[in-house]
Amino acid sequence: MEEMNDMEMEQSIEMLCCSKAEEFRLVGYEYVTSKDVWNCVSHKYEKQGIPPLHQLVNDILSLKATSFMNFMTVSAYRGSSF
C-alpha cells in the first residue's frame with residue numbers, strides 16, 4: 001500500500017471531519033462545521049502532541065452527539081482559548 005503524503009493525509013482527515021459534521025447536521029445540529037469536529041477531537045491532545053493517525057480517526061468516527069455538545073458547551077463557556 002502506498003503511503004500518503006502530508007497533504008493527502010490532511011485532506012483525508014478533513015473529509016472525515018466533514019462527514020462527521022454532516023452526520024451531526026442530520027440529527028439536528030445545524031451549524032456544525034468540520035472545524036468544530038476537529039476541535040472537539042484534537043483538544044485533548046494539546047499537551048500530549050499529535051496522536052497516532054489511527055487514534056485520531058477512531059476518535060472522529062466514535063464521536064457522539066452528546067460528547068460533542070458537552071465540548072461545545074464548555075468551549076462556549078470558556079471562550080475560544082479552550
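Below, the structure is looked at part by part. Throughout this description, residue numbers start from 1 for each chain and increase along the sequence as written. Thresholds applied to this predicted model are a pLDDT of at least 70 for local features of residues and 80 or more for the giving and counting of side-chain atom pairs; totals over whole chains, interfaces and linings are not thresholded and use all residues. Excluding hydrogens and water, the side-chain figures rest on all heavy atoms present in the structure.

## Here we look at the overall build of the protein chain
Secondary structure elements follow DSSP: runs of H or I of four or more residues count as helices, runs of E of two or more count as strands, with numbering from the N terminus. On a plain count of helices and strands, the protein chain comes out with four helices and zero strands. Scanning the protein chain from its N terminus toward the C terminus, one meets helices and strands in the order α-α-α-α. Within the protein chain, the fraction of its 82 residues that count as buried is 27%. Contacts are assigned to residue pairs with any non-hydrogen atoms lying within 4.5 Å of each other. A separation of at least 24 residues holds for 49% of the contacts in the protein chain among residues at least 6 apart in sequence. Each accessible area is a Shrake-Rupley estimate made with a 1.4 Å probe; only the visible protein chains count as cover when residues are assessed. When the accessible surface of the protein chain is summed, it comes to about 6,300 Å², and 56% of that surface belongs to carbon and sulfur atoms. Categorising residues by exposure relies on relative accessible area from a 1.4 Å probe, with only protein chains included: less than 20% of the type maximum marks a residue as buried, more than 50% marks it as exposed, and the intermediate range marks it as partly exposed.

## With respect to the packing of helix α1 (residues 6-26) against helix α2 (residues 34-42)
To get an axis, a line is fitted to the C-alpha atoms, and for a helix only the part in contact is used. The angle between two axes follows their N-to-C directions and goes from 0 to 180 degrees. Between α1 and α2, whose axes approach to 8 Å, the crossing angle comes to 105°. The orientation of α1 with respect to α2, classified from their angle, is roughly perpendicular. Here Ile-13, Glu-14, Cys-17, Cys-18, Lys-20, Ala-21 and Phe-24 of α1 lie close against α2, whose contacting residues are Ser-34, Val-37 and Trp-38. Each angle is binned into one of four classes, with values under 35 degrees roughly parallel, values over 145 roughly antiparallel, values of 65 to 115 roughly perpendicular, and all other values oblique.

## Here we look at the environment of Asp-36
Positionally, Asp-36 belongs in helix α2. In sequence terms Asp-36 and Cys-17 are 19 residues apart; their C-alpha atoms lie 8.5 Å from each other. Dropping the residues within four chain positions of it, Asp-36 is found in contact with Tyr-31, Phe-68 and Met-72. Definition of a polar contact: a pair of N or O atoms within 3.5 Å, with one able to donate and the other able to accept a hydrogen when the atoms are protein atoms, and with sequence-neighbouring residues admitted only if both atoms are side-chain atoms. Polar contacts involving the side chain of Asp-36 include one to the main-chain amide nitrogen of Thr-33, which spans 2.9 Å.

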